[in-house]
Amino acid sequence: MAATEKNKNDIQKFWNVKSIIIPEVGMNEVEFQKTNKRDKLEPLKIIWSGQHTGGKALNILLKSLVLLPDNVNWELHILGDGHMTKKWKHLSKKLKINANCKWYGWVEKNTATEVMKSAHVLCITSVKDLTSTVTLEGLSYGLPIISIDHCGFSNVINSTCGIKIPIRFPNELHHLFSNAIKNMYFDENLRRKLCKGAYLRAQSFTWYKKGEKINNIYLSLFKNKHIEK
């Protein structure tokens, strides 16, 4: 079993063994969440959540937001804390977008949940990760996800629930991220469609579903062993 596509490729490369991708994170049964409808005059509420470390790369999102046109009204709600917080706050001020940013720090689970439920889109900028729990949390709250197309996000996020940004060049990455956010702002029908898709996608990653996949692997191995005997 491999957590990501890269893990799968490495297993094949080093041990010449095929594997099945099962993300390392899971969740309880998903309850339907009423998605937020955004009025045209209402700002697009963007959520970012995680430890403030270099690998989580919030700076990518900050540099993308500054590229948005003036007619895009947005707010960035930032959960979490860490050794990069001071540097990222300084960057947001340098980019002159800090007035649109709300820094929560570490908060109680209930508070974090309410912040996420009130948002319109979740952005994930991790450059070094597996899948991260917040990915499934966001989907379960009916949040479309914009993320970089790598790590575990490649296997969880698809066109029904979000937008994946290809990795090529840093400057291009910022522009593509910015364009994805702009599309979410101007096309509410698209965003609402992805909201519904996010909820449906989340149901594929419950612990029950993961248990079924693992059980099928063992049943297959047992069957093959029995045939060999």
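To be clear, the structure that these remarks concern was listed above.
Now for a description of the structure that goes with this document. All values reported here derive from a predicted model rather than from experimental measurement.

1. A word on the side chain of His 52
- Checked against the element boundaries, His 52 lands in the loop between strand S1 (44-49) and helix H2 (58-65).
- Judged by relative accessible area, His 52 falls into the buried class, the value being 1%.
- At 2.7 Å, the side chain of His 52 and the side chain of Thr 85 are in polar contact.
- Ignoring any residue separated from it by four or fewer positions in sequence, one finds His 52 in contact with Ile 78, Leu 79, Gly 80, Asp 81, Gly 82, His 83, Met 84, Thr 85, Trp 88 and Trp 103.

2. Description of the nonpolar core
- The biggest cluster of nonpolar side chains holds 32 residues, and the ones touching the most others in it are Ile 46, Leu 61, Leu 76 and Ile 181.
- Among the elements of the structure, S1, H2, strand S2 (74-79), helix H3 (85-94), strand S3 (101-105), strand S4 (121-124), strand S5 (145-148) and helix H7 (170-186) are those that each provide at least two residues to this core.
- With six residues, H7 is the largest single contributor of residues to this core.
- Dropping the residues within four chain positions of it, Leu 61 is found in contact with Ile 46, Trp 48, Leu 76, Cys 123, Thr 125, Phe 177 and Ile 181.
- Met 116, Ile 124, Phe 153 and Phe 205 belong to the second largest nonpolar core, which has 24 residues in total.

3. Describing the sheet that holds S4
- An order of S3-S2-S1-S4-S5-S6 is seen for the six strands of this open sheet, with the pairing classed as parallel. Each having just a single partner strand, S3 and strand S6 (162-165) make up the two edges of the open sheet. Pairs of neighbouring strands in the sheet enclose a mean axial angle of 20°, with direction left out of account.
- In terms of strand pairing, S5 meets S6 through four bridges, oriented parallel.

4. Considerations on helix H8 (residues 188-202)
- With 15 residues, H8 extends 21 Å between its outermost C-alpha atoms, agreeing within 8% with the 21 Å of an ideal straight helix rising 1.5 Å per residue.
- For H8, the set of buried residues is Glu 188, Arg 191, Leu 194, Cys 195, Gly 197, Ala 198, Tyr 199, Arg 201 and Ala 202.
- Next to the buried residues of H8 lie S1, helix H5 (133-140), helix H6 (153-156), S6 and H7.

5. Some remarks on the environment of Glu 188
- By the secondary structure assignment, Glu 188 is in helix H8.
- Sequence separation between Glu 188 and Lys 213 is 25 residues, and the spatial gap between their C-alpha atoms is 35 Å.
- In this view, Glu 188 contacts Asn 36, Lys 37 and Arg 38; residues no more than four positions away in its chain are not counted.
- Among the polar contacts made by the side chain of Glu 188, one reaches the side chain of Arg 191 at a distance of 2.9 Å.

6. A short note on the packing of H2 against H3
- Running from N to C, H2 and H3 point in directions that differ by 10°, and their axes come no closer than 10 Å. On the basis of the axis angle, H2 is roughly parallel to H3. Counted together, Leu 58, Asn 59, Leu 62 and Lys 63 of H2 and Trp 88, Leu 91 and Ser 92 of H3 form the full contact between these two elements.
- Considering only residue class, the contact of H2 with H3 consists of four nonpolar, two polar and one charged.

7. Describing the environment of Val 107
- Of note, Val 107 is situated in the loop between S3 and helix H4 (109-117).
- C-alpha separation for the pair Val 107 and Gly 80, spaced 27 residues apart in sequence, amounts to 7.6 Å.
- Setting aside residues up to four positions removed in sequence, Val 107 forms contacts with Leu 79 and Ala 112.

8. Concerning the environment of Val 156
- Within the secondary structure, Val 156 sits in helix H6.
- A relative accessible area of 0% means that Val 156 is categorised as buried.
- The spacing of Val 156 and Lys 89 is 67 residues in sequence and 30 Å in space, taken between C-alpha atoms.

Conventions adopted
Residues numbered from 1 in each chain as written. Predicted model: local features only at pLDDT ≥ 70, side-chain atom pairs only at ≥ 80, totals over all residues. Heavy atoms only, no water. Helix = DSSP H or I, 4+ residues; strand = E, 2+ residues; numbered from the N terminus. Buried < 20%, exposed > 50% of the residue type's maximum accessible area, 1.4 Å probe, protein only. Polar contact = N/O pair within 3.5 Å; in protein donor to acceptor, adjacent residues only side chain to side chain. Contact = heavy atoms within 4.5 Å. Core = buried A, V, L, I, M, F, W, Y, C linked by side-chain atoms within 4.5 Å. Pairing = 2+ DSSP bridges. Axes fitted to C-alpha atoms, helices over the stretch in contact; angles between N-to-C directions. Expected span 1.5 Å × (residues − 1). Parallel < 35°, antiparallel > 145°, perpendicular 65-115°, else oblique. Nonpolar A, V, L, I, M, F, W, Y, C, P; charged D, E, K, R; others polar.

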